[in-house]
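# Observations on the model geometry
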Amino acid sequence: MAKETVRVLVTGAAGQIGYALVPMIARGVMLGPDQPVILHMLDIPPAAEALNGVKMELVDAAFPLLKGVVATTDVVEACTGVNIAVMVGGFPRKEGMERKDVMSKNVSIYRSQASALEKHAAANCKVLVVANPANTNALILKEFAPSIPEKNITCLTRLDHNRALGQISERLNVQVSDVKNVIIWGNHSSTQYPDVNHATVKTPSGEKSVRELIKDDEWLNAEFITTVQQRGAAIIKARKLSSALSAASSACDHIRDWVLGTPEGTWVSMGVYSDGSYNVPAGLIYSFPVTCQNGEWKIVQGLHIDEFSRKKLDLTADELSEEKALAYSCLS
Ligand SMILES: NC(=O)c1ccc[n+]([C@@H]2O[C@H](COP(=O)([O-])OP(=O)(O)OC[C@H]3O[C@@H](n4cnc5c(N)ncnc54)[C@H](O)[C@@H]3O)[C@@H](O)[C@H]2O)c1
Ligand SMILES: O=C(O)C[C@H](O)C(=O)O
């Protein structure tokens, strides 16, 4: 029997991540090759013409799974009936702007879009915030959409997770698909902690720990961590634009695993509402290792955290607490 069509919202759809993301969704990369979709694309009035151009291209590409396209600058129309919301739209930092200026603009965007989602999205809509500061935008969205269950509001750290897998695979000269169970803890920022202490690689003689195979703790505890933390900045330096295809692909990975489940024995990283696991303060959107089943994520419990890791988990939590305070000060 054909599956019921799913409505997927992409905000900021005329931007560069949007341009990479919408064809992936229309091709079934996000929800599977048998899942029909209707795309809802939102942008702001100055981008309306470009947004219409993206819609024209979607029509021209004749995607068999794409059952309709709503391209609009009206947030209510965009949010109505959506089952999945990927929030990419936001205000980027410009020359001469203070961090607080950007935070205050995004806080007000996420506050109003939270209300629209709460009122008009389908029941049980799953939300992924991509736009920076991703964790804090997601937290504001949660605060202003109190009737959306907190477990339904997440932010993207899967790109950082995938970057960590990529670095390990390059270093060991193994297939990236044979590396698993890295963890990104904390904020999608340069304080994030990419942790390989539980990561493994599939080898002809069985699964081996990444530390055992790399045999270079100095590299793993320093250069590897900063490379992953700074990868976004390195892409901006190289492309003069921030990451887009990898961000779009990772957003698809995030939603696919959330909806369709993580493979047995594998976890992924997602920014989720902290319940105090691993002594991370409750009430932050913090990236944890999670497994997903039946459309629900669960934080992986019981992993040993050594002293080195503890400091890093706390540092990125402190930054998130500061961002939260800054966001609240913008609201008052
Ligand atoms: N979490 C991650 O891993 C990750 C990775 C890459 C980029 N990002 C962030 O994603 C965001 C988007 O990046 P991009 O390169 O696509 O930027 P972009 O500037 O190309 O696109 C952003 C789009 O958002 C639109 N927009 C602005 N305000 C809006 C609003 N109120 N409602 C709807 N749309 C609005 C803009 O008009 C623009 O089309 C940025 O904040 C970027 O820093 C996050
Ligand atoms: O680093 C950035 O500012 C862009 C984005 O968040 C990324 O990680 O590529």
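Residues numbered from 1 in each chain as written. Chains lettered and ligands numbered in written order. Predicted model: local features only at pLDDT ≥ 70, side-chain atom pairs only at ≥ 80, totals over all residues. Heavy atoms only, no water.

### A short note on the site of ligand 1
Convention followed: By convention in this text, a residue qualifies as near a molecule or strand provided that one of its non-hydrogen atoms is within 4 Å of it. What qualifies as a polar contact is a pair of N or O atoms within 3.5 Å, subject to a donor-acceptor requirement within protein and to the restriction that residues adjacent in sequence count only when both atoms come from side chains. The accessible surface values rely on the Shrake-Rupley method and a 1.4 Å probe; as for residues, cover is taken only from the protein chains in view. Secondary structure elements follow DSSP: runs of H or I no shorter than four residues count as helices, runs of E no shorter than two count as strands, and numbering proceeds from the N terminus. Under the scheme applied here, ten amino acids are nonpolar (Ala, Val, Leu, Ile, Met, Phe, Trp, Tyr, Cys and Pro), four are charged (Asp, Glu, Lys and Arg), and all others, including Gly, are polar.
In the vicinity of ligand 1 lie 21 residues, with Gln-16, Ile-17, Asp-43, Val-130 and Asn-132 positioned nearest. Interatomic distance of 2.7 Å between a side-chain N/O atom of Asn-132 and an oxygen atom of ligand 1. Within the contact set of ligand 1, an oxygen atom lies 3.3 Å away from a side-chain nitrogen or oxygen of His-188. The protein chains hide 82% of the 860 Å² of surface that ligand 1 would expose on its own. Looking at the shell around ligand 1, the elements that each hand over two or more residues are α1 (16-26) and α4 (99-120). For the shell around ligand 1, the per-class residue count stands at 10 nonpolar, 10 polar and 1 charged.

### Digging into the packing of helix α6 (residues 158-172) against helix α11 (residues 245-260)
Note the threshold: Axes here mean lines fitted to C-alpha atoms, for a helix over just the part in contact, with angles spanning 0 to 180 degrees between N-to-C directions. Here the word oblique covers every angle except those under 35 degrees (roughly parallel), over 145 (roughly antiparallel) and from 65 to 115 (roughly perpendicular). Any pair of residues with heavy atoms lying within 4.5 Å of one another is described as a contacting pair.
Between α6 and α11, the least distance of the axes is 8 Å, while the angle of their chain directions is 105°. By the angle between their directions, the pair α6 and α11 is classed as roughly perpendicular. Contacts from Arg-158, Leu-159 and Asn-162 of α6 reach α11 at Ser-246, Ala-247, Ser-250, Asp-253, His-254, Arg-256 and Asp-257.

### With respect to the site of ligand 2
Neighbouring residues of ligand 2: Asn-132, Arg-163, His-188, Gly-232, Ile-236, Ser-242 and Ser-243. The separation between an oxygen atom of ligand 2 and a polar side-chain atom of Asn-132 is 2.9 Å. Look at ligand 2: alone it shows 260 Å² of surface, and the protein chains cover 73% of it.

### Side note on the UniProt feature "domain: Lactate/malate dehydrogenase C-terminal" (unreviewed entry) in the chain
Condition: UniProt positions are given in the numbering used here, feature names are shortened, and annotations may be inferred rather than shown by experiment.
Taking the UniProt record as the reference, the feature "domain: Lactate/malate dehydrogenase C-terminal" (unreviewed entry) is found at residues 157-325. Between the first and last C-alpha atoms of residues 157-325 the distance is 21 Å; the span itself is 45% helix and 21% strand.

### A few points about the pattern of salt bridges
Where we set the bar: Criterion for a salt bridge: a side-chain nitrogen of Lys or Arg within 4 Å of a carboxyl oxygen of Asp or Glu. Under the scheme applied here, a residue whose accessible area is under 20% of the maximum for its type counts as buried, over 50% as exposed, and between as partly exposed, the area being computed with a 1.4 Å probe on protein chains only.
One pass over the structure, following the stated rule, counts 13 salt bridges. Notably, a salt bridge pairs Glu-207 with Lys-180, separated by 3.3 Å at the nearest N-O pair. Here Glu-207 is found in strand β11 (residues 206-209), whereas its partner Lys-180 is found in strand β7 (residues 179-180), with 27 residues between them in sequence. Owing to a relative accessible area of 52%, Glu-207 belongs among the exposed residues under this scheme. The class for Lys-180 is buried, based on a relative accessible area of 19%.

### Some remarks on the packing of α1 against α11
When two helices pack together, their arrangement is given by the angle between the helix axes and the distance between those axes. Let me state the cut-off plainly: With the far helix as reference, a near helix turned anticlockwise by less than a right angle produces a left-handed crossing, and one turned clockwise produces a right-handed crossing.
In contact at an axis separation of 8 Å, α1 and α11 are set at 40° when each is read in the N-to-C sense. By the criterion of interaxial angle, the relationship of α1 to α11 is oblique. Every pair of crossing elements has a handedness; the one defined by α1 and α11 is right-handed. Two secondary-structure elements touch here, α1 through Ile-17, Ala-20, Leu-21 and Met-24 and α11 through Leu-245, Ala-247, Ala-248, Ser-249, Ala-251 and Cys-252.

### As for the pairing of strand β1 (residues 6-11)
The line we're drawing: In this analysis, strands are considered paired if DSSP registers two or more bridges between them.
With respect to burial, β1 is a largely interior element, 5 of its 6 residues being buried. The pairing of β1 with strand β2 (residues 37-42) spans 6 bridges and is classified as parallel. Considered in β2, the bridge of Leu-9 is made with His-40.

### Details of the side chain of Asn-181
Its place among the elements puts Asn-181 in the loop between β7 and β8 (183-185). Side-chain polar atoms of Asn-181 contact the backbone oxygen of Gly-265, separated by 3.2 Å. If near-sequence neighbours (up to four positions away) are discounted, Asn-181 is found in contact with His-198, Ala-199, Gly-265, Thr-266 and Trp-267.

### Quick notes on the sheet that holds β7
Read across the open sheet, the 3 strands follow the order β7-β10-β11; overall the sheet is antiparallel. Only two strands of the sheet have a single neighbouring strand rather than two, namely β7 and β11. For strand β10 (residues 200-203) and β11, the ladder comprises 4 bridges, and the chain directions are antiparallel. Looking at the pairing, Val-201 lines up with Lys-208 of β11.

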